[in-house]
Amino acid sequence: MMRKYAKKRLAVSTTVATVGIIVALIIGLVGGYLAGSMAAAPATATVTVTQTVGAKTVTSTVEKTVTSTVPGGPAVSRIVIGVTDKVSDIDPANAYDFYTWEVLTNIMGGLMRYAPGTTELEPGLAIGYTVSPDGTEYTFRLRPNLYFADGTPMTAQDVVRSIKRVMEINGDPVWLVTDFVKDVVAVDDHTVKFILKKPVAFFPALVAIPPYFPVHPAYKPKEIDSDQTAGGVGPYRIVKWVRDVELVLEANPYWWQGAPKTKQIVIKFFKDATALRMALEAGEIDIAWRTLRPTDINDLKGKSGIKVIEVPGPYIRYIIFNTKIPPFDNPLVRKALAAAVDRKAICERVFLGTTTPLYSMIPIGMWSHKDSFLEKYGEHNLELAKKLLKEAGYSETNKLKIELWYTPTHYGDTEVDVATLIKEAWEETGMVEVTLKSAEWTTYLEYTRKGMLGATLYGWYPDYIDPDDYTSPWVNTTWTGYAYSNPELKKLLDEASVKPILEERTKLYERAQDIWADDAAVVPLFQGKLAVAVREGVEGVILDPTMLFRYWLIYKVS
Amino acid sequence: MAESLLKIKNLKTYYFTESGVVKAVDDVTLDIRKGELLGLVGESGSGKSTLGLSIIRLIPPPGKIVNGNVFLDNIDLMKLSEKELRKIRGRRIGMIFQDPLTCLDPLRKIEDQMVETVMVHMDVERNEAREMAAKALERVGISGDRLKDYPHQLSGGMRQRAMIAMATMLHPELLIADEPTTALDVIVQSRIMDLLADLKESMKMSVLLITHDLALVIERADRVAVMYAGELCEVGTSEQISQDPLHPYTKLLLESIPDVEAPKTKLKSIPGNPPDMRSPPSGCRFWPRCPYAKDLCKKTPPRFIELDGRIVRCHLYEEGEKS
Amino acid sequence: MASLKTFIIARALALIPTILILITLVFFIMRVLPGDPVVAIVGMKAPPERVIELKKELGLMDEAGNPIPLPIQYLNYLSKLVSGDLGRSLIWGKRPVLVEIMEHLPATIELAIAGFIVSIILGLVLGSLGGWMGGKMSSAVKTYGAITYALFIPWIGMLFQLFFAVWLGVLPVAGRIDTGLEPPTITGLYLIDSMIAGKWDSFLSALRHITLPALTLGLVISGVFTRVTRTSVEEVMRQDFVVAARARGIPEHKILLHVLKNSFVPILTMMGLQLALLMTGAVLTETTFSWPGMGTFLLERIQYRDYTTVQGTVVFFAIIVSLVNLIVDICYAYIDPRIRY
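Okay, so let's go over this structure. Predicted model only: the values in this text are computed from it and were never measured.

Cut-off values and rules
Residues numbered from 1 in each chain as written. Chains lettered and ligands numbered in written order. Predicted model: local features only at pLDDT ≥ 70, side-chain atom pairs only at ≥ 80, totals over all residues. Heavy atoms only, no water. Helix = DSSP H or I, 4+ residues; strand = E, 2+ residues; numbered from the N terminus. Buried < 20%, exposed > 50% of the residue type's maximum accessible area, 1.4 Å probe, protein only. Areas by Shrake-Rupley, 256 points an atom, 1.4 Å probe, with all protein chains shown as cover. 1 Å grid on protein atoms, 1.4 Å probe; cavity = no way out; pocket = protein on both sides within 12 Å on 5 of 7 lines; lining within 4 Å. Points joined across faces, edges and corners; volume = space filled by probe spheres on them. Nonpolar A, V, L, I, M, F, W, Y, C, P; charged D, E, K, R; others polar. Contact = heavy atoms within 4.5 Å. Buried area = accessible area lost by both parts, 1.4 Å probe. Salt bridge = Lys/Arg side-chain N within 4 Å of Asp/Glu carboxyl O. Pairing = 2+ DSSP bridges. Axes fitted to C-alpha atoms, helices over the stretch in contact; angles between N-to-C directions. Disulfide = S-S within 2.5 Å.

What follows deals with the overall build of chain A. Secondary structure assignment for chain A yields 15 helices and 22 strands. The 558 residues of chain A split such that 58% are buried. When the accessible surface of chain A is summed, it comes to about 21,300 Å², and 55% of that surface belongs to carbon and sulfur atoms.

Taken as a whole, the second largest pocket spans an internal volume of roughly 1,400 Å³. Every residue lining the second largest pocket is counted, 49 residues in all, and those nearest its centre are Ile59(B), Pro60(B), Pro61(B), Pro62(B) and Arg238(C). Of all the secondary structure elements, the ones that give two or more residues to the lining of the second largest pocket are strand S1 (4-17), strand S2 (20-33), helix H1 (48-55) and strand S4 (63-72) of chain B together with helix H6 (135-150), helix H9 (200-237) and helix H10 (240-247) of chain C. Considering every element that reaches the lining of the second largest pocket, the biggest residue donor is H6(C), with five residues. When grouped by side-chain class, the residues that make up the lining of the second largest pocket number 17 nonpolar, 15 polar and 17 charged.

The interface is formed by 25 residues belonging to chain B together with 19 residues belonging to chain C. Here chain B and chain C share an interface that buries about 2,000 Å² over both sides, 63% of which is from carbon and sulfur atoms. Area buried by chain B at its contact with chain C is led by Arg86(B), Leu107(B) and Glu116(B), which between them contribute 29% of it. For the interface between chain B and chain C, the tally reads zero salt bridges. Within the residue set of the side of chain B that touches chain C, elements represented by two or more residues are strand S6 (93-96), helix H3 (100-103), helix H4 (110-121) and helix H6 (156-168) of chain B. By residue number, the principal contributor to the side of chain B that touches chain C is H4(B), which donates five residues. Looking at the side of chain B that touches chain C residue by residue, the class counts come to 14 nonpolar, six polar and five charged.

Residue and element names in this part refer to chain B. Here we have four strands laid out as an open sheet, ordered S2-S1-S4-S5, and antiparallel in their pairing. Among the strands making up the open sheet, the edge pair consists of S2 and strand S5 (75-76). Of the strands in this sheet, S1, S2 and S4 are in contact with H1, which crosses S1 at around 115°.

The probe, sized like a water molecule, is rolled over the atoms to show the empty space still left. All names here are of chain A. Inspection of every chain in the model, using the stated rule, returns eight cavities of 30 Å³ or more. Looking at the largest cavity, its volume works out to about 180 Å³. In terms of residues, the lining of the largest cavity owes the most to one element, strand S3 (residues 112-114), which gives three residues. For the lining of the largest cavity, a count of residues per class yields twelve nonpolar, six polar and two charged. In this structure, the second largest cavity occupies an estimated 100 Å³ of space. Lining the second largest cavity are Phe98, Trp101, Tyr114, Ala208, Ile209, Pro210, Pro462, Asp463, Tyr464, Ile465, Thr546 and Leu548. Looking at the lining of the second largest cavity residue by residue, the classes come out as ten nonpolar, one polar and one charged.

Our focus in this paragraph is the arrangement of the chains. Comparison of the two pairs of chains in contact shows the highest number of contacts for chains A and C. Structurally, chain A and chain B remain out of contact, their C-alpha atoms never closer than 12 Å.

Our focus in this paragraph is the state of the cysteines. All names here are of chain B. Here the structure, examined in full by the defined rule, presents zero disulfides over all chains. Cysteine cysteine 284 shares no disulfide, and the gap to the nearest cysteine sulfur, in cysteine 297, comes to 6.0 Å. Given a relative accessible area of 12%, cysteine 284 falls into the buried group.

Residue and element names in this part refer to chain B. The strand order across the open sheet built from eight strands is S6-S7-S8-S3-S9-S10-S12-S11, with neighbouring strands paired in mixed fashion. In this open sheet, the two edge strands, each paired with only one partner strand, are S6 and strand S11 (305-307). Shown here is a sheet whose adjacent strand axes are inclined to one another by a mean of 20°, direction ignored. Inspection of the sheet shows strand S3 (residues 37-41) paired to strand S9 (residues 223-228) by four bridges, in the parallel sense. Within S9, the residue paired with leucine 38 across the bridge is arginine 223.

Printed below as a string of structure tokens:
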């Protein structure tokens, strides 16, 4: 009976297999036929490019030359970039997400900009600026002969109109303007003056971000213009925009640095990271950009014909302990937990080396960065943790019982692994018992805001590239439910944000980082790396902690 | 004696089910004569319908004709290819079934089903086929314009008439009627039987009437064959069977017919149940229910015995034969 | 046919309560769920004043800053809906919901139809083969149904991508059409639009792009159809009219046609019912192949608690599902003369 049954099963599976093969054959034949109609890859020319990157310290008066250049030579066809991101609004008045900011950076430009490959500022649409002695007035001098992508001249009035438009529309990133800017006026056609509410040392960094970008007059003056393609004064202009499908950019002949070499940039929007990786392998795209999975990045590293470029990113991850909720109100507990965390294990085991351990909120590569947490607690320091826990009155028999919260998808599906490794490291002390809890992103944020969660995992993408953006948002702020309050630190940070001299600011931030580590209320975990995978022949990929990919620098050689 | 039209010889049709082999028709030999109405009677499960379907080889799986011949004018139907056989089905041998509603394709008009049949067998134009269909319908007493109707638009009696029209449209030599009236009420029943009798006469065809209703058979048939548990027990003329049944089973069947004239008399039913066909009793298959059963009956199957021009299969008569 | 007209009108009217119930359910479920769209929109960085401003803007708070009670919000929404206003999306540009739907819907419809055709062909052919031949073929088809039904779309989709795009390089990994080949928009379905416009290269490109997603979706759904077709054909095969037709000498291939026609009512019913599966399948397929349709769109908007968009989409889907069911019902009448309305 058994044998008969087995035989029957075998017969069945053979039939199924046969059917499967036939189906596959038919598909293969049809596919082969269709493939015949595929166009050959566009030819590219070999070009050599020199590029110098430089920076100077910003002082009270700046007259700098642009050091980053656009690769010269004949324009080469097109480059296709794949992303899993979305574009929200092609409007600086409401766009407030990284990818859209990247697009805006490529179709517009600010008065200042970051020299590619660095976190240093260089002149953009302005040739320089002067700061009033009290630090509340910044006057920018524009380049002569600036044009929008359709040839319309751009003047100081356009800068004023655009900034006022952002304030009027009152969109998501508006606070990046209204928190600092009281008024903006056009002194003449080529001079624009910002009057600030208070001295802001990093104001030149602010004018380098999209809310400060001048936009074409075609943008609706009083409402968000989500699908406006007129752009600003940038290296590329939009020639085709199909939401969620593709964005086609064409070199802007009127750009002040001259049209970029790659004539056409096509952005294809993917919904799945695996498909993104396969599209790169299949040659459908030249560049796989945000965001490949760690496993895919590692796999691609070994593939011939594909290059993986990695740089430290400005993206950081950290734990927030709510100092108002017991037992996290006890500094000994927070310090013990900060000491026990095993950052290396997280970076290696969860992210396969695509992230780096971080011992300060100010990321590696940014001025004033200091490994304060490492100095104070060491790494995965169980002895210290045990000692501190004992001091706090806990033991192997009287364990510290805590909940650790995480959100399962917002930071990628690796988040549960991150939380698990933290739990493991803490429990390794033998004196802690951790319960993992999770909540969906919107809920998670809401509970945090209400100050209901004791220990939470969060991440941070910068708004502007300055230590201020990596420190101020956690001290005495509503969104954390006032989890971390330290008046002394707050005063220090406020002072650092207005001091115009970099050396002074650096000192203040170094002190702030030490206080931060001592409080151990917000504990840095790791810093992301940016990874981009490109096909052989794609050159000019320059990534830096601004996270913005500059399309005008890339080109293809055959 | 009339010439025979169809000769069934040693026909065996078995169902190979998972729980065992059902010998639904076991070694049946029977002649159907030209122009006669032969009644085939038996309880349900006796194999009479299987016999009918076996003639034109329409036994559904897991059934199989394992042995025997069926000669129609010296052609052995059992040896024909499926294609050759299709030319005989519907053309030389027609068949009608118990439930005319389920036997008609509910989604197609009567016309389409009839025309299809004609055109399968004859090389004619659609129009001509339609005329033949209309004529056939009129012959069974349905107006030709009902051709446009769907089966569900006809009454039960009309449906059976339509079935008959469809089966007899091409003037077959034999019509196998498997319980043609069972699903109909009494008045319609007798009208259908009248119709069959008329057609038999006018078209000079033979009819094999398969039914469980012995009374009907005696009233209508020329000859009667009685079947029990896959075997024939007795074959004779209607008169012989009704007046002088030989086989104990036939006798019991006769006694169980309700007498319309004497409604008060108590009905006699046959004791016991039909046998489990997967393991029929040894010897004579009827012995467990037979009032005359002897030891011999339990061991040895009886042979066919010809007696006064009729056939019976019972140990009771074997001695008589010898003497 | 007057009765059919009445039937259609009645069905259209019956749609109204259906949609109303759906809308009510979705409206309240979305709001009962924890998580606040405003928080999702502004993220963690915005100051609290901004949250209040947004709530006012979204009609969640009145001018004085008091929250508007749910029933009032509900009535406000309904009154707008009656005038055909689906409202504006709460996030990302606050674009009109109708515009967003219209941007995503044709892609989904095209994929759904293509996947449906694939599944119907596979289902009908294999199912009737199994039902007709019985025995081993029947069990083989049974196994096929079980296997395909259990297939996980992203997994099978990825296999297809790997095999046909990465290894063989004959079909694209993702997308709907090659850059620059989009046909002029008439129906929004690229295959049809490119044929109307006579753009052969567009048609080929669209066909090459839709092949793998349609195959993936079709394969997974075909399991249900093979099962229904097989059982239905088997059942019809057992009916007397098949024996009766054989007894009239009708050849097998003609009988098979009649059997198929008779098996079709349950298959048709299943087609109507499969619409839901088709839609959920489309979501996964769309994600796997980066197909710019409604599936991923809706999923994303639910996550962000984009109330108006989700509600608008549900209204739309309800209309589509009802339309399809109506068409299925009309098909019944066409196929089976016994059904009259």
